[in-house]
Amino acid sequence: MHKRSYYGLLSTISLSAFGDAFGLLAMEWLVYELTGSKLAMGALALSSMIPEQALRLLGSPLSDRLPRVRFMACLASLRLLALLLPLGMGLAGHLQLWHLFAAASLSGACSALFMPTAMAVIPGIASTSKLMRAFAIIDGCKGAAALLGPALAGVLTAASGALPALGINAVCYTAAIATLLLLPRMGKPAAAPAGSFSTALYLREVAEGFSFYRQFPAMLTIMMMAAVSNLSSIAVWTMMVPYVREVLHRDAAAVGSLSTASALGYLAGLGVISLMGEITKRRIVMLGSLGLSGIVTMVWGGIPSYFFALFAVFAAGLLGPFFGSLSSSLHGRLVPGHLQGRVNSVRFLIGGSLSPLGALAGGAVAELYGVPALLLAAGILPALYAGVALRWTGLKALDGDLSVLEQSTRPKSEVTLTGNITV
């Protein structure tokens, strides 16, 4: 492993994730202070998600055709400029709502490309034998940033207001950019073939990504489950500031602690998954985790208690990896190697397709009926979907030995009697 390059990339990802925890809470808090509107909170999330969704499919080709580390530095610089707009205007006493929406839009567009590019760098700086460990360390550091960042951001915002938290985000991005610029040159990706940016070829590559889901309707059902789950999750977390202030009657520190509890639950779930080893009853585990998460959210809506809210977000976080990790595992095993990039782009597009609707609907429901009603609705939706999907026998194909399905997805020249797809 090229240690300097790897640890520089690790530092960059950790700094950006840690800073984002401060920036997200700060911008949500500022929007609520300026408007007091739950619809405005949903619109803020929407302004970030729409550009992110629109550019998500562009991440893979751009990261394959541009010098990746320099491209990441450019993206981080754009995000820093986006943050400096509301920060500067806020310090000058002229902050307006559109400053926050513009910052969220540009930041969302850059985030659609930043992490896919970072993930594309790692195979080039880590040997095959250490690749899994390299990704695991990065996931752990991102989890630690998600664990510590929201709690510290909440305490800082409660004590000093939202602008200092936004300043911490800007400092983190400045450090991340400097780290990227100091990394050794890693060379350019392989040159793209002539005409590779043609519209016809681009559309054909997108169609090849969708073709996997036409071949395996069960996997499309799984991704629609992810879309429903993300819709509910976005609707809830977009309204976390109004929930804490109006229902729990607490300050920004409580918002941070709830985010930290969710991250802690997710890390605990990852630990349980790693101890369980291979799971063959995938259908029951995935549907069960989705349904239980919905039930927990419904109960949460009926109990206006800070301590129960901590339990609820921890439990939902704990259940998350039982769906997410199995979904990633299925894609890793069933998608042919030459289609991994395109199928994963389509995968993230489908999984996030309903998130903008969740942000918009979450704000509307909370505005009209209150946040507890939103929690009830957000819990019913995934629980109902899981119950209906449980009756569909087509999902049983995902249980047990996947070797037959693996071979059916591979090109004939690659089909062998034994072995798995290498991702």
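All values derive from a computational prediction rather than experimental measurement.

Rules and cut-offs
Residues numbered from 1 in each chain as written. Predicted model: local features only at pLDDT ≥ 70, side-chain atom pairs only at ≥ 80, totals over all residues. Heavy atoms only, no water. Core = buried A, V, L, I, M, F, W, Y, C linked by side-chain atoms within 4.5 Å. Buried < 20%, exposed > 50% of the residue type's maximum accessible area, 1.4 Å probe, protein only. Helix = DSSP H or I, 4+ residues; strand = E, 2+ residues; numbered from the N terminus. Contact = heavy atoms within 4.5 Å. Expected span 1.5 Å × (residues − 1). Salt bridge = Lys/Arg side-chain N within 4 Å of Asp/Glu carboxyl O. Phe/Tyr/Trp six-rings, centres within 6.5 Å; stacked < 30°, edge-to-face > 60°.

Draft legend 1. Expanded view of the nonpolar core. Core analysis: the largest hydrophobic core is formed by 73 residues, its most contacted members being L9, M240, Y243, V244 and W300. Sort the elements by how many residues they give to this core and helix α1 (residues 3-35) lands first, with 12 residues. Not counting the four nearest positions on each side in its chain, W300 is found in contact with V236, M240, Y243, F308, A309, A312, V313 and L375. With 27 residues, the next largest nonpolar core counts F212, F216, F322 and L334 among its residues.

Draft legend 2. Spotlight on α1. In this model, α1 (33 residues) spans 48 Å end to end at C-alpha, consistent with the 48 Å of a helix rising 1.5 Å per residue. Taken from the residues just after α1, G36 is the one with a positive phi, measuring 65°.

Draft legend 3. Quick peek at unusual backbone geometry. Unusually for a residue other than glycine, H249 sits at a positive phi of about 55°. Structurally, H249 can be placed in the loop between α10 (240-247) and α11 (252-276).

Draft legend 4. Molecular detail of the pattern of salt bridges. Taken as a whole, this structure holds 1 salt bridge when the rule is applied. Residue D20 pairs with R79 through a salt bridge whose shortest N-O separation is 3.5 Å. Residue D20 is located in helix α1, and its partner R79 is located in helix α4 (residues 68-91); the two are separated by 59 residues in the primary sequence.

Draft legend 5. Molecular detail of the packing of aromatic side chains. Throughout the structure, instances matching the rule amount to 7 aromatic pairs. Centroid distance F212 to F216: 5.5 Å. Interplanar angle 40°. Geometry classified as tilted. A residue is classified by how much of its surface remains accessible, and F216, at 10% relative accessible area, is buried. Between Y243 and W300 the ring centres are 5.7 Å apart and the planes differ by 85°, which places this aromatic pair in the edge-to-face class. With Y243 in helix α10 and W300 in helix α12 (residues 282-302), this pair connects stretches of sequence that are 57 residues apart. Taken together through their ring pairs, the aromatic side chains of F212, Y213 and F216 make up a single cluster.

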